[in-house]
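# Topology and contacts: notes
Spelled out from the first residue to the last, the chains are:
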Amino acid sequence: MTSNDTPSKRLDRTPRVFVTRHLDVNVEQRMSDLFDARLNPADRPLDRESLIEGLQHCDVLVPTVTDRIDEEIIAAAGPDLGLIANFGAGTEHIDLKAASKRKIIVTNTPGVFTDDTADLTMAGIIGVPRRVREGVELIRSGQWTGWAPTAMLGRKLGGKKLGIVGMGRIGQAVAHRARAFGLEIQYHNRKRLPEAIERMFSAQWVETLDELVATSDILTLHCPATPETRGMIDARIIGLMKEGASLINTARGDLVDQEALIAALESGRLLGAGLDVFPDEPNVDPRLIKHPNVMTLPHIGSATQEGREESGIKVIANIRMWADGHRPPDQVLTGLA
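Being a predicted model, the structure only gives us computed values, none of them experimental.

## A word on the packing of helix 5 (residues 114-127) against helix 7 (residues 169-179)
Two quantities define a packed helix pair, namely the angle between the axes and the distance from one axis to the other. Two numbers describe how helix 5 lies on helix 7: the axes approach to 9 Å, and their chain directions differ by 50°. Between helix 5 and helix 7, the interaxial angle falls into the category oblique. As helix 5 packs across helix 7, the resulting crossing turns out to be right-handed. Listed contacts from helix 7 to T114, D115, T117, A118, D119, T121, M122 and I125 of helix 5 are R169, I170, A173, V174, R177 and A178.

Shown next as structure tokens:
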């Protein structure tokens, strides 16, 4: 995968754009005004055959994280496909090497969902130690008998250690919010951040993942799903976590060994978990749903009206720049091997 500043050739027709999912209504209207857009108003996830069929006569594909754009899909695309304008920041569902071989440019929408995802992460960081999910169920079941001095005791946040795995945009946004709750911030990253950024967040770098998980009261994940990170929170790592610690995952379900996590929750070693992502979405293991202190959410970290509209606007900007023969502002790779 290489980077190259050579602009693409200007498209001599209105771009034919194939959009795989239903997007914000304002975004779709703008796409229809600007492009020859094939939309998905029913919002049904497309199977492989439908994806391949749609790629036969388009210049631009606009996929989302629910679409698996692998080597076979890209190889089966028509000859005019020149841009994959992804709706979202993550591109692990796209085979970037295969796109590069076909000289297909890939773009994404970075930075749009940073605050939204960090906000939802804080819901888990606060809600799991304070047993919010369990309290809601107690009220809804009609079993609450009133206030008592020893009822529904959770854990306070102030003075506890928050371990952040992946201190990129979202990890830093979480650190910024967590400081206001009196949490001590420590992080593990592939590379240590500059000292000035560490001072900004009062964050301590921990060199190894083992040490981070062993010393954190709450562990939160903010790294992409790659061959290196898939299953990184495995039985061994979970076994290193503190008794009564919490795990928060708003990144990718593949980061966690789900069986190992469930075993630690059911044994009582872990206090609870806040999960917005799962390894086999939309399927969620019934044991997680049943557990009284696991907050299970339907992948809504980026689900704000403002964020989704802004992401669509970025997609449109990338398409227009590419069609005009310029380098798209959010280019992931140029399409040159």
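After that view, the rundown keeps rolling.
## Section: the pairing of strand 10 (residues 245-249)
Every regular strand shows the same layout, with side chains that alternate between the two sheet faces. Most of strand 10 sits inside the fold, with five of its five residues counted as buried. Every second residue of strand 10 is oriented toward a common face, with A245, L247 and N249 on one face and S246 and I248 on the other, all of them buried. Judged from the four bridges that link them, strand 9 (residues 218-221) and strand 10 form a sheet pairing that is parallel. What sits directly across from I218, in strand 10, is S246.

## Focus on the UniProt feature "domain: D-isomer specific 2-hydroxyacid dehydrogenase NAD-binding" (unreviewed entry) in the protein chain
Those residues carrying the UniProt feature "domain: D-isomer specific 2-hydroxyacid dehydrogenase NAD-binding" (unreviewed entry) are residues 124-301 in this numbering. In residues 124-301, helix accounts for 33% and strand for 17%; the two terminal C-alpha atoms are 11 Å from one another.

Parameters at a glance
Residues numbered from 1 in each chain as written. Predicted model: local features only at pLDDT ≥ 70, side-chain atom pairs only at ≥ 80, totals over all residues. Heavy atoms only, no water. Axes fitted to C-alpha atoms, helices over the stretch in contact; angles between N-to-C directions. Helix = DSSP H or I, 4+ residues; strand = E, 2+ residues; numbered from the N terminus. Parallel < 35°, antiparallel > 145°, perpendicular 65-115°, else oblique. Left-handed = near helix turned anticlockwise from the far one by under 90°. Contact = heavy atoms within 4.5 Å. Buried < 20%, exposed > 50% of the residue type's maximum accessible area, 1.4 Å probe, protein only. Pairing = 2+ DSSP bridges. UniProt positions renumbered as here; feature names shortened; annotations may be inferred.

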